[in-house]
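For reference, the chains in residue letters:
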Amino acid sequence: MKLPLLPWALLLLATAPGPGSGPTAGEIDVGPAHEAASPAPAWARCSGPSPPGAQESCSYRCGDWNEQCSCRPTCSGLGTCCSDFRDFCLEISPYSDSMMGGKDFVVQHLNWFNSTDGVICRFNESIQTRGHVDSLGLVHCVSPLLYETGRIPFTLSMDNGRSFPRSGTWLAVHPNKVSQTTKIQLENETRWQYYGTAGTKGNLTLTWQATVLPTHFVTIELWGYEETGKPYSGEWTAKWSYLYPLATNVSNSGFFTFTPKPAPQNYQRWEVGAIRIINSQYSSGEKDVQALWSNEHALAWHLGDDFREDPVAWARTQCLAWEELEDQLPNFLEELPDCPCTLAQARADTGRFHTDYGCDIEHGSECTYHPGAVHCVRSVQASPRYASGQQCCYTAAGTQLLTADSTGGSTPDRGHDWGAPPFRAPPRVPGLSHWLYDVISFYHCCLWAPECSRYMRRRPSSDCRTYRPPRLGGCQPGGLRAEQGQGGPPDPLLSPASAFGDPHFVTFDGANFTFNGHGEYVLLEAALTGLSVQARAQPGTTPEGTQARGTGLTAVAVQEGNSDVVEVRLADGVGVLQVLLNQEVLSFAEQSWMDLQGMFLSVAAEDSVSIMLSSGAGLEVSIQGPFLSVTVLLPEKFLNHTRGLLGTLNDNPTDDFTLRSGQVLSAGASSRQLFQFGADWAVENASSLLTYDSLLLVKDFLYGPKHDPTFQPLFPDETTPNSSQATEVAELCGDNHFCSYDVAATGSLSVGNATRTAYQLHQSRVQSLQSVVSCGWLAPPLNGGKEGIRYLVGSTIHFHCDSGYSLSGAEASTCQADGTWSTTTPTCQPRHSYTVLLSIIFGGLAVAALVAVVYVVLCRRKGNMAIWGSQP
Ligand SMILES: [Ca+2]
Ligand SMILES: [Ca+2]
């Protein structure tokens, strides 16, 4: 019955409502699979002559479909596209650049040899930039200056704005995430930001790639960034302004040098800005024309004579003014999540924390602003009300580094460096709100004046007392297990292409099971946030090329609430990950990080994808052997709110095998009962998040049963353990039954070993995320000090007094399992003798010397500031 309907299926495949978009008026929903098999499925009854007015063009119809043809991204794979699909649903190259704009991009597949009276690109339905058609007939657009990151819809007009029938998407990224080679280079960068302070004067030089701007003469301009209006009010506005030209009509040589002069008085209020270079045919300051930008930076070099005459006093005044302002603004610290207690936790909690590129253990730990740290992470999500950001830094020993102990400690940020959806207005503007509230003040207090303690007082590190690690569940392919075929099992290590891994599931509460279903299944559903994670499992292939009796995951899809839908899948089964956003294949050729609706996406090294959802839930998908490995991380708020194959998260593993009906399988359920449990969680068409964009997927999954009842897996009791291996198995596998099962099934110890390794990877992650009790920061005694900066259970802090004082109380305190210190900080009582007087004198001298040393060190630190991306 199904096959004759296939042509319909193809046309209507496009009709499967796009995830996230929901059915719209006139759409015919694709019924569940069993309906398709019935004599007259609902949608078939509706068929007949095309309704009047049906269109065969994608003009104004990108993302739509009708009975005639489709303009949805899935149409290419299905061969159902309208013939002019690519003329109207635009592909562009490059597809991304800094949100600062001015990037020229080319519309692909659209060769324009007709006359045109004007190319106009309209972004976000409001910002228009002028494009052009080049001598080869290629259509160009220019990206606009934006105050947001992420995917920006645009439409294209070829008739000077009368009609905009074509559409596409531009990806705006954080200015620091753009390749430095596409920017103006400020030569000897630190000189620019210290110009006018002691010992920094002379000429400044900038260079750029002249070929990027197709002109002989350019204008070099300064732009300034400011936020106006009452903070945290509706009038709070972000604004880039053109300030003044540094040079007009200079040769486009890629090189310019000048002696900075103080800016005219009315421009001195801008302290953060960037340089822009444009074709001199445009008038100075013309918006949204093709341009090159420099990094945003502290405009020391343009500040007035008052700065140059006494930079330290000037900066101190600014620092004090910032302090005063901070005290009037709401306290954002209370809203921030606490940091993970250890480096291991911070690196494993990938749903909520992500590497701070300014201090990255995987890139040499160049921690300019955090001396003493080897790695920092930032909270992925900005805090809900004030859009502020948490930062957490760790020492080589894995201990959190706090500002209370060290100037290298992590500093929370009033404006999250990565911005916060919906962006556009302060304090949510990516990078720049952070510059105004957290970075320029660092220059004032810490780099230009010796007032750093003032900065640290208002940006104190959080400790980890309220941090709770996320819970972990997932599905890992087991070892590379070969099918037992005729003539005995082949050695999978000799024929890896023939190998497959059984999906071994571990629930959030730690129950393990093997499930070899062929179909699409619900890994997790949580009504709490509308979170849904679904996966597709497909059989492996035997060495003989036939279907194996074990399956592995080949695709996983996720959505939370009304977020975008992201699917990660194996592309054509050749060990390459493919990521789909709302059914469209994403390219990571230009960007490895993407700000999407309701989630962030990060791709590492092409074989692993991290998805960070707004609830703090995270997904890690990677390739392991011939299949996918999927790990789901859930914050504690999901307790008692999950169902599906990964179980009911409630600290009780015995109720994890719960069917949709609520019936609970006992912990001793047989592998056949567990198979039924898995089958019960088959996805339903109406709520499927997966994409069906090939004939095979349509046939096997959209119209096939979601759980294939004809597929016969191999159950453990069908394998015969080889008693001669018993000792070796026990030695290798210990109590890991996945390992012993796979050895039994394949007869190969090396297979068991691979299974064990995969399992151990999961276990080590679980281990990293173990809860650690923290007693919190412990103050040193007044007129004394302490040794030790670790405040976790079992750690001991030792106290001492300055000379002239004697300790009253315990010399040490230990963090106890209940989160309290064994004793309070002792006090230091003065000893009454001449030594007191002497120590005061020498102590005073020592303090003065220390202050001098700190100041010199801070000034020197500027010499190391190679990367401006590494912000405090
Ligand atoms: Ca910070
Ligand atoms: Ca449970």
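The structure this text deals with has already been given above.
Described below are features of the structure shown in this document. Numbers given to residues run from 1 along each chain, matching the order in which its sequence is written. Chain labels run from A onward and ligand labels from 1 onward, assigned in the order the entries are written. Residue-level local features of this predicted model are given only where pLDDT is at least 70; pairs of side-chain atoms are given and counted only at 80 or more, and the full residue set underlies all totals for whole chains, interfaces and linings.

### Re the overall build of the protein chain
Point 1. The helix count covers DSSP runs of H or I at least four residues long, the strand count covers runs of E at least two residues long, and both are numbered beginning at the N terminus. Within the protein chain one finds 17 helices and 38 strands.
Point 2. Burial in this document is a count-based property: other C-beta atoms within 10 Å of a residue's C-beta are tallied, and the residue is buried at 20 or more, exposed at 12 or fewer, or partly exposed in between, with C-beta positions derived from the backbone. When each of the 872 residues of the protein chain is scored for burial, the buried share is 45%.
Point 3. We call two residues in contact if the C-beta atoms placed from their backbones are at most 7 Å apart. In the protein chain, the share of contacts with a sequence separation of at least 24, taken over all contacts with a separation of at least 6, comes to 63%.

### Describing the sheet that holds strand E17 (residues 353–355)
Point 1. In space, the three strands of this open sheet follow the order E17-E18-E19, with antiparallel pairing throughout. Each having just a single partner strand, E17 and strand E19 (391–394) make up the two edges of the open sheet. Each strand axis lies, on average, 30° off the axis of its neighbour in the sheet, ignoring direction.
Point 2. Both strand E18 (residues 375–379) and E19 contribute to a ladder of four bridges, which runs antiparallel. If you follow Cys376 over to E19, its bridge partner there is Cys393. Two strands qualify as a pair provided DSSP detects at least 2 bridges between them. To get an axis, a line is fitted to the C-alpha atoms, and for a helix only the part in contact is used. The angle between two axes follows their N-to-C directions and goes from 0 to 180 degrees.

### A look at the pairing of strand E25 (residues 547–560)
Point 1. Burial analysis of E25 places 12 of its 14 residues in the buried class, which makes it a mostly covered element.
Point 2. By the bridge criterion, four bridges tie E25 to strand E26 (residues 566–570) in an arrangement that is antiparallel. By the bridge assignment, Ala555 is partnered in E26 with Arg569.
Point 3. In this structure, the hairpin formed by E25 and E26 is closed by a connection of five residues, where Gly561 is found at a positive phi of approximately 60°.

### Regarding unusual backbone geometry
Point 1. Cis geometry is found at the peptide bond from Pro421 to Pro422, where omega equals 0°.
Point 2. As for its placement among the helices and strands, Pro422 is situated in the loop between E19 and helix H10 (432–447).
Point 3. Between Pro426 and the following residue, Pro427, the backbone shows a cis peptide bond with an omega angle of 0°.
Point 4. Of note, Pro427 is situated in the loop between E19 and H10.
Point 5. The phi torsion at Asn160 lies on the positive side, around 60°, for a residue other than glycine.
Point 6. With respect to the helices and strands, the residue Asn160 is situated in the loop between strand E7 (150–157) and strand E8 (166–173).
Point 7. Since 12 C-beta atoms lie within 10 Å of it, Asn160 is described here as exposed.
Point 8. The phi torsion at Gln583 lies on the positive side, around 80°, for a residue other than glycine.

### Topic: the packing of helix H8 (residues 311–328) against H10
Point 1. Running from amino to carboxyl end, H8 crosses H10 at an angle of 130°, the nearest separation of the two axes being 8 Å. As summarised for this structure, H8 and H10 are arranged oblique, according to the angle between their axes. As for the relative orientation of H8 and H10, their crossing is left-handed in sense. Together, Ala315, Gln318, Cys319 and Trp322 of H8 and Ser441, His444 and Cys445 of H10 make up the contact between the two elements.
Point 2. Residue composition of the contact of H8 with H10, grouped by class: four nonpolar, three polar and no charged. By the definition adopted for this analysis, an angle is roughly parallel if under 35 degrees, roughly antiparallel if over 145, roughly perpendicular if from 65 to 115, and oblique otherwise. By the definition used in this description, the sense in which the near helix is turned from the far one sets the handedness, with an anticlockwise turn below a right angle giving left-handed and a clockwise turn giving right-handed. Throughout, the ten residues Ala, Val, Leu, Ile, Met, Phe, Trp, Tyr, Cys and Pro are labelled nonpolar, Asp, Glu, Lys and Arg are labelled charged, and all others, Gly among them, are labelled polar.

### Description of the sheet that holds strand E6 (residues 138–142)
Point 1. With mixed pairing, eight strands are arranged side by side in an open sheet as E1-E3-E6-E5-E4-E7-E8-E2. Two strands bound the open sheet, and with one partner strand each, they are strand E1 (92–93) and strand E2 (96–98).
Point 2. Both E1 and strand E3 (residues 104–111) contribute to a ladder of two bridges, which runs antiparallel. Of the residues in E3, the one forming a bridge with Ile92 is Val107.

### So, the environment of His434
Point 1. Assignment of secondary structure puts His434 in helix H10.
Point 2. Sequence separation of His434 and Gly415 is 19 residues, and the distance between their C-alpha atoms is 4.3 Å.

### Considering the nonpolar core
Point 1. Among the nonpolar cores identified, the biggest contains 171 residues, and Leu523, Val556 and Val566 are the most heavily contacted of them.
Point 2. The contacts of Val566, once residues within four sequence positions are left out, are Ala557, Val558, Val579, Leu580, Leu581, Met599, Leu601 and Ile611.
Point 3. Cys775, Leu778, Phe799 and Cys815 belong to the second largest nonpolar core, which has six residues in total. In these notes, a nonpolar core means any group of buried Ala, Val, Leu, Ile, Met, Phe, Trp, Tyr and Cys residues linked to one another through C-beta atoms within 7 Å.

### Things to note about H8
Point 1. Helix length check: H8, at 18 residues, gives a terminal C-alpha distance of 26 Å against a target of 26 Å (1.5 Å per residue), a fit within 8%.
Point 2. All of the buried residues in H8 are Pro311, Trp314, Ala315, Gln318, Cys319 and Trp322. What you see down the axis of H8 is that its buried residues fit within an arc of 135°, all on one side. Exposed side of H8, more than 90 degrees from the buried face: Ala313, Ala321, Glu324, Asp327 and Gln328 are the residues found there.
Point 3. Of the surrounding elements, those touching the buried residues of H8 are helix H7 (305–309), H10 and helix H11 (452–458). To estimate the expected span of a helix, count its residues, drop one, and scale the result by 1.5 Å. An arc is given here, and it is the one of the directions from the helix axis to the C-beta atoms.

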